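Per-entry structural report
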Amino acid sequence: QVQLVESGGGLVQAGGSLRLSCAASGRTFSSYYMGWFRQAPGKEREFVSAIGWRTGNTYYADSVKGRFTISRDNAKNTVYLQMNSLKPEDTAVYYCARSNSGTYVYTDRRRYDYWGQGTQVTVSS
């Protein structure tokens, strides 16, 4: 059984920061990519960032590049998303997910097979 539990969401003013955490438990994650996605009301769930659990290689959507940083703590089985310079358009429910690939990074949510319950991020203008 795989469990992903996100935390760290909340309400912040534009220009502020938040750090999201995703605690993973269950089957091993060391061979896979972990990703963050977000979904705003009325919109499709979109890719935000991903990290190779073993390699530490990172990838970002253009919309967050330079503002968000993904990282992982292997000892704690936790993935983080540090979000700086937040904008109102970053408002969404943020989900972490485990990819079914350890070789390639995918931005397509269909390539992720385990998901957390999501955490709400609201950025006020």
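The structure this text deals with has already been given above.
Here's what I pulled together on the structure shown here. (Residues numbered from 1 in each chain as written. Predicted model: local features only at pLDDT ≥ 70, side-chain atom pairs only at ≥ 80, totals over all residues. Heavy atoms only, no water.)

1. What about the side chain of Ser 49?
- Tracing the chain through its elements places Ser 49 in strand 5 (residues 46–52).
- Given a relative accessible area of 0%, Ser 49 falls into the buried group.
- Side-chain polar atoms of Ser 49 contact the backbone oxygen of Tyr 59, separated by 2.8 Å.
- In contact with Ser 49, not counting residues within four places along its chain, are Met 34, Gly 35, Trp 36, Tyr 59, Tyr 60, Ile 70 and Leu 81. (Helix = DSSP H or I, 4+ residues; strand = E, 2+ residues; numbered from the N terminus. Buried < 20%, exposed > 50% of the residue type's maximum accessible area, 1.4 Å probe, protein only. Polar contact = N/O pair within 3.5 Å; in protein donor to acceptor, adjacent residues only side chain to side chain. Contact = heavy atoms within 4.5 Å.)

2. Considering the sheet that holds strand 1 (residues 3–7)
- Spatial ordering of the open sheet is given by 1-3-8-7, a layout of four strands whose pairing is antiparallel. Of all strands in the sheet, those with a lone pairing partner are strand 1 and strand 7 (68–73), marking the two edges. Direction aside, neighbouring strands of the sheet carry axes that sit 15° apart on average.
- Bridge analysis of strand 3 (residues 18–25) against strand 8 (residues 78–83) gives six bridges, and the strand direction is antiparallel. Along strand 8, the bridge assignment pairs Leu 18 with Met 83. (Pairing = 2+ DSSP bridges. Axes fitted to C-alpha atoms, helices over the stretch in contact; angles between N-to-C directions.)

3. Focus: the pairing of strand 3
- Two strands pair when backbone bridges link them, and strand 1 and strand 3 are joined in this way by five bridges, in the antiparallel orientation. Bridge pairing links Glu 6 to Cys 22 in strand 3.

4. Some remarks on the state of the cysteines
- This model, assessed by the stated rule, comprises one disulfide.
- Here Cys 22 pairs with Cys 96 through a disulfide, and the sulfurs are 2.0 Å apart. For the disulfide bridge between Cys 22 and Cys 96, the dihedral angle about the S-S bond is near 55°, and by the sign convention the bridge is right-handed. Of this pair, Cys 22 sits in strand 3 while Cys 96 sits in strand 9 (residues 92–99), and the two are 74 residues apart along the sequence. (Disulfide = S-S within 2.5 Å.)

Keep in mind these numbers describe shape, not what the thing actually does.
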